[in-house]
Amino acid sequence: MAFMEKPPAGKVLLDDTVPLTAAIEASQSLQSHTEYIIRVQRGISVENSWQIVRRYSDFDLLNNSLQITGLSLPLPPKKLIGNMDREFIAERQKGLQNYLNVITTNHILSNCELVKKFLDPNNYSANYTEIALQQVSMFFRSEPKWEVVEPLKDIGWRIRKKYFLMKIKNQPKERLVLSWADLGPDKYLSDKDFQCLIKLLPSCLAKPKDPFLRKYCNPKKIQGLELQQIKTYGRQILEVLKFLHDKGFPYGHLHASNVVLEGDTCRLLDLENSLLGLPSFYRSYFSQFRKINTLESVDVFCFGHLLYEMTYGRPPDSVPVDSFPPAPSMAVVAVLESTLSCEACKNGMPTVSRLLQMPLFSDVLLTTSEKPQFKIPTKLKEALRIAKECIEKRLIEEQKQIHQHRRLTRAQSHHGSEEERKKRKILARKKSKRSAVENSEEHSAKYSNSNNSAGSGASSPLTSPSSPTPPSTAGMSALPPPPPPPPPAAPLPPASAEAPTRLPPQAVNGVGRGALLSSIQNFQKGTLRKAETCDHSAPKIG
């Protein structure tokens, strides 16, 4: 049983598969120890970040708890004397940052409850085993036939999914395994449709003998298989996936822990995970690739991971995989390249039917009894279709945000590179020189045009000394200084009404322009003399 009869109306909106990143921002030394200020961020959103303070003893306690994994983690060693020196603290901070990078980039460790509590105590401080035990005990109060024996700790990778050992009171020697989980962020089914589908699952679920022992006590049985086993088990898994997708049933939870081997038969477990809304184990991988945006493509991508483990006995170090080690057959490599290579991740996954037609699986025959029988009513099919679209929509939105963030990060990194800075400096210098040359040419052209206009008597009327107009001073600072004035010329005769004032001949050429401007600037109205005129315009009386 993997659900309660009356599931809670709410669901956990926090996606536990979203990776956490941590960066040590500073350190502060107190009287007897040093504290490290760490900035933790969930996903790509800078706003979704917070600060935590940790001592070296906190790191050491976490590292001791993670030794059960058997991994060699690069925690800096202890130092009893001189551990408060500034140089030592700076060196230790670098080592602790490297330690954080290792545990946050490891797919298994990053999803570990211990690491989550260390980096995000606000969201992961609860005792999930105790909460699950309370919920299960409350449910079985009305079921006197069953009895909860004990919680099964350290099973599974999910933080909010717990397992319990159960027994029937009338059959005390028989033991069964019960799984309990919170509703996840991808739960879009109504409670009524959810319960109806859960009731249909027993007709499709396999019941292998001792599934608990096969699943948890021998996890490496699916890893490092022979070629014939790879072909047989791979074909069976693909047939189940094809059957589920033909029925419109979402899965998305294919990985080594959800596969049980019983003789020559391979069975899938935890089909209810998609109904519960739990995100996929490999979500942090395929959310990086925008072409993996349907549940079928997700299952094909996860099948590539499983096939890699079946072939080489270990999961891939990173995805996409650039080159594959030697395999028992080139047909295996061909399937892996179609699901895990860089080209496949960028261009899209093949369909399940296409994988079944590949040479590795095309010659494997299955008996009719091995194919599951599962019928879904039409109304439930429509509910599943809507829920499936909602799951894919959330995935597409997340992939779009990751893609935009990646483009922005690349642009900022490129813009801030040393080579790009040098290019910008060179371009700025060239632009400055070009601008200076253009300004100089523009000023020269203006100066030449003003000379031509001053030397042309027909283009603009001359100004009479009797009504001078002060020249405009705008832009005079940008013009070159005028040439020195020529020797003073003879004074002009007084102006009369019969003869208009005319400029001397030397004022027409370019040299006399300076003298004209100088005389206009130095003109004073007080130096004018009154002229005597004889007015003959009055009428004559005879």
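Each remark here, short or long, concerns the structure printed above.
Residues numbered from 1 in each chain as written. Predicted model: local features only at pLDDT ≥ 70, side-chain atom pairs only at ≥ 80, totals over all residues. Heavy atoms only, no water.

Which parts of the structure should I look at to understand the overall build of the protein chain?
For the protein chain, the helix and strand inventory stands at 18 helices and 8 strands. Out of the 542 residues belonging to the protein chain, those deemed buried represent 36%. By sequence separation, contacts in the protein chain at least 24 residues apart represent 65% of the contacts at least 6 residues apart. By element, 54% of the accessible surface of the protein chain is carried by carbon and sulfur atoms, the whole surface being about 33,100 Å². (Helix = DSSP H or I, 4+ residues; strand = E, 2+ residues; numbered from the N terminus. Buried < 20%, exposed > 50% of the residue type's maximum accessible area, 1.4 Å probe, protein only. Contact = heavy atoms within 4.5 Å. Areas by Shrake-Rupley, 256 points an atom, 1.4 Å probe, with all protein chains shown as cover.)

Is there a simple way to think about the packing of helix 8 (residues 227-246) against helix 11 (residues 295-312) in this case?
Helix packing geometry: the angle between the two helix axes and the distance between the axes. For the pair helix 8 and helix 11, interaxial distance at closest approach is 11 Å and the crossing angle is 165°. Our classification of the angle between helix 8 and helix 11 gives roughly antiparallel. Helix-helix and strand crossings are classified by hand; for helix 8 and helix 11 the assignment is right-handed. Here helix 8 contributes Q229, I230, Y233, G234, I237, L238, L241 and H245 to the contact with helix 11, which in turn contributes L295, E296, D299, F303, L306, L307, M310 and T311. (Axes fitted to C-alpha atoms, helices over the stretch in contact; angles between N-to-C directions. Parallel < 35°, antiparallel > 145°, perpendicular 65-115°, else oblique. Left-handed = near helix turned anticlockwise from the far one by under 90°.)

Sorry if this is basic, but what is going on with the sheet that holds strand 6 (residues 171-181) here?
The sheet built from 3 strands is open, its strands ordered 4-5-6 with antiparallel pairing. Looking along the sheet, the strands with just one partner apiece sit at the ends: strand 4 (146-152) and strand 6. Pairs of neighbouring strands in the sheet enclose a mean axial angle of 30°, with direction left out of account. Here 6 bridges tie strand 4 to strand 5 (residues 161-168), and the two strands are oriented antiparallel to one another. Across the sheet, the residue bridging to L152 is Y163, located in strand 5. The strands that helix 5 (residues 128-139) touches are strand 4, strand 5 and strand 6; relative to strand 5, the one it contacts most, it runs at about 40°. (Pairing = 2+ DSSP bridges.)

Quick question: what am I supposed to make of the packing of helix 1 (residues 56-65) against helix 2 (residues 86-105) here?
One can describe the packing of helix 1 onto helix 2 by two numbers: an axis separation of 12 Å at closest approach and a directional angle of 35°. Relative to helix 2, the crossing made by helix 1 is left-handed. Contact with helix 1, carried on its side by Y56, F59, L62 and N63, involves R92, L96, Y99, L100 and I103 of helix 2 and no other residues of that element. Broken down by class, the residue content of the contact of helix 1 with helix 2 amounts to 7 nonpolar, 1 polar and 1 charged. (Nonpolar A, V, L, I, M, F, W, Y, C, P; charged D, E, K, R; others polar.)

Mind showing me how you'd approach the packing of aromatic side chains here?
When we look at a pair of aromatic rings, we describe it by the centre distance and by the angle of the planes. What the rule picks out here adds up to 10 aromatic pairs. When the centroid spacing of 5.9 Å and the interplanar angle of 65° are considered together, the rings of Y282 and Y285 count as edge-to-face. One exposure class covers both Y282 and Y285, and it is buried. Here F286 and F301 contribute two aromatic rings whose centre-to-centre distance is 6.3 Å and whose plane-to-plane angle is 85°, an arrangement assigned as edge-to-face. Here F286, found in helix 10 (residues 283-286), pairs with F301, found in helix 11; they are 15 residues apart in sequence, far enough to count as distant. (Phe/Tyr/Trp six-rings, centres within 6.5 Å; stacked < 30°, edge-to-face > 60°.)

What am I meant to see in the sheet that holds strand 1 (residues 20-29) here?
The pairing of strands in a sheet happens through backbone hydrogen bonds and is either parallel or antiparallel. With respect to topology, 3 strands assemble into an open sheet ordered 1-2-3, the strand pairing being antiparallel. Edge positions in the sheet fall to strand 1 and strand 3 (49-55), since each of these pairs with one other strand and no more. Put simply, the sheet's adjacent strands are angled 25° from each other on average, direction ignored. Across 7 bridges, the pairing between strand 2 (residues 34-42) and strand 3 is antiparallel. Within strand 3, the residue paired with I37 across the bridge is V53. Sitting on the sheet, helix 1 is in contact with strand 2 and strand 3, with an inclination near 90° to strand 3. The strands touched by helix 2 are strand 1 and strand 2; relative to strand 1, the strand with the most contacts, the crossing angle is about 165°.

Explanation requested: a positive patch on the surface in the structure shown.
Among the surface-exposed residues, R290, K291, K346, K400, R407 and R410 lie close enough to one another that they form a single positively charged patch. Examining the composition of the positive patch, we find that 3 residues originate from one element, helix 16 (residues 378-415), more than from any other. Mapped onto the elements of the fold, R407 is located in helix 16. By relative accessible area, R407 is classed as exposed at 52%. (Patch = residues over 30% accessible without salt bridge, like charges linked within 9 Å, V, L, I, M, F, W, Y side chains within 5 Å. Salt bridge = Lys/Arg side-chain N within 4 Å of Asp/Glu carboxyl O. Lys, Arg positive; Asp, Glu negative; His and termini not counted. Charge placed at Lys NZ, Arg CZ, Asp CG, Glu CD.)

Explain the side chain of H253 here, please?
Tracing the chain through its elements places H253 in the loop between helix 8 and strand 7 (259-262). One polar contact links H253 to R158, side chain to side chain, over a distance of 3.3 Å. For H253, the side chain forms a polar contact with the main-chain oxygen of L278, separated by 2.9 Å. With residues up to four places along the chain from it excluded, the contact list for H253 reads R158, N258, N273, S274, L278, P279, S280 and D299. (Polar contact = N/O pair within 3.5 Å; in protein donor to acceptor, adjacent residues only side chain to side chain.)

This is a description of form; function is not addressed.
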